[in-house]
Amino acid sequence: MIPLRVDILRTRAAIINILLILANVAAFLYELSLSPKAGNKFIFAFGLTPSHEQLIFARHGITLGQAILPMFTSMFLHGGWMHLLGNMLFLWVFGGAVEDTLGHFQYLLFYFVCGIGSAAAHLAFNWGSKIPTVGASGAISGIMGAFIVLYPKSRVTTLIPALFLFFTIRIPAFLMLGYWFFIQFFSGVASLGMTDQGGVAWWAHVGGFLLGAILVVGERPKQNRAAYA
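What you see is a predicted model, and the numbers here were worked out from it, not measured in a lab. (Residues numbered from 1 in each chain as written. Predicted model: local features only at pLDDT ≥ 70, side-chain atom pairs only at ≥ 80, totals over all residues. Heavy atoms only, no water.)

*Asks:* Go over the overall build of the chain, please, and point to the residues and values.
*Replies:* Tallying secondary structure elements over the chain gives nine helices and three strands in all. Ordered by position from the N terminus, the helices and strands of the chain form the series β-α-α-α-α-α-α-α-β-β-α-α. Relative to its 229 residues, the chain shows a buried fraction of 47%. Long-range pairs, those at least 24 residues apart, make up 79% of the contacts in the chain between residues at least 6 apart in sequence. (Helix = DSSP H or I, 4+ residues; strand = E, 2+ residues; numbered from the N terminus. Buried < 20%, exposed > 50% of the residue type's maximum accessible area, 1.4 Å probe, protein only. Contact = heavy atoms within 4.5 Å.)

*Asks:* Residue-level account of the pairing of strand β3 (residues 165–172), with values.
*Replies:* Alignment of strand β2 (residues 155–162) against β3, held across eight bridges, turns out to be antiparallel. Counterpart to A162 in the pairing with β3 is L165. Linking two consecutive strands that pair antiparallel, namely β2 and β3, is a turn of two residues; a positive phi of about 55° is found at L163 within it. (Pairing = 2+ DSSP bridges.)

*Asks:* Before we move on, can you summarise the nonpolar core with the specific residues and values?
*Replies:* Of all hydrophobic cores here, the largest spans 45 residues; its most connected members are L91, F94 and F147. Taken together, the elements giving at least two residues each to this core come down to α1 (15–33), α5 (81–102), α6 (104–125), α7 (137–150), α8 (173–191) and α9 (202–215). Setting aside chain neighbours within four positions, we find F147 in contact with V6, I8, F94, A97, V98, P152, S154, A173 and L177. (Core = buried A, V, L, I, M, F, W, Y, C linked by side-chain atoms within 4.5 Å.)

*Asks:* Can you lay out the packing of aromatic side chains for me, pointing to particular residues and giving the numbers?
*Replies:* Enumeration over the complete set of coordinates arrives at 15 aromatic pairs. Considering the side-chain rings of F182 and F186, the 6.1 Å spacing of their centres and the 20° angle between planes classify their relative orientation as stacked. Of this pair, F182 and F186 both sit in helix α8, four residues apart, roughly one helical turn. Members of the aromatic cluster, joined through ring pairs, are F125, W180, F181, F185, W203 and F209. (Phe/Tyr/Trp six-rings, centres within 6.5 Å; stacked < 30°, edge-to-face > 60°.)

*Asks:* Please provide a residue-by-residue account of the sheet that holds strand β1 (residues 2–6), values included.
*Replies:* As summarised here, the arrangement of the three strands in space is β1-β2-β3, forming an open sheet in which the pairing is antiparallel. Each edge of the open sheet carries a strand with a single partner, namely β1 and β3. Each strand of the sheet is rotated relative to its neighbour by a mean of 25°, with strand direction disregarded. Where α8 meets the sheet, it contacts β1, β2 and β3, and its direction lies at approximately 110° from that of β3. (Axes fitted to C-alpha atoms, helices over the stretch in contact; angles between N-to-C directions.)

*Asks:* Any details on the packing of α5 against α7? Residues and values, ideally.
*Replies:* Relative orientation of the contacting elements α5 and α7 amounts to 50°, with a least axis distance of 9 Å. The orientation of α5 with respect to α7, classified from their angle, is oblique. Like other packed secondary-structure pairs, α5 and α7 cross with a definite hand, here left-handed. Between α5, through N87, M88, F90, L91, F94, G95, A97, V98 and T101, and α7, the contact on the second element is made entirely by S137, I140, I143, M144, A146, F147 and L150. (Parallel < 35°, antiparallel > 145°, perpendicular 65-115°, else oblique. Left-handed = near helix turned anticlockwise from the far one by under 90°.)

*Asks:* Kindly report on the pairing of β2, identifying the contributing residues and their values.
*Replies:* Inspection of the sheet shows β1 paired to β2 by four bridges, in the antiparallel sense. Looking at β2, one finds that V6 is bridged to V156.

Structure below.
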């Protein structure tokens, strides 16, 4: 299922959301400008590698700053065009309404808190892994968690591919995002016990989603005035 738009009538422009998308695109274009060797070195330096983080507890090897920085920078790095485009599509579709509710500055803070929280969840379930993790999906999962709390009854226009045919349907947000979360959680449970396996950071998605949902619970009463298109 590919979300295309939501039926929320916003009251202000999603300035921060657009800037976040542009920042992610700019970072990816910079990645493309690097040689393969330099690109790998860049990913290992600024991606989130659990085995590097655990060195902070040793007497040598990594500083506090070197451990914390990748929790920020990894949010803006991506492994390929499809990875980037998929993340930016979800950010574009769901981020604007959340920014409209929280306000520009609070939304930016919320984005980074969810990103760091999702990184912490990933570290907890992949401690010692030597595979760097990159992508904005942890922070975006937080936005999706917030959206399901703030706008559970809103409709998401969704593209459904069926063999060689494509059609769109309008799905309630609580169904679409609830199904998405179930897939992330089930896949995360299935991945338990695997070591140094590349692929999707399932627990980053789960952690980010839950954190985002919890952080906006206090905003829920305000949505009684929400307008739907």
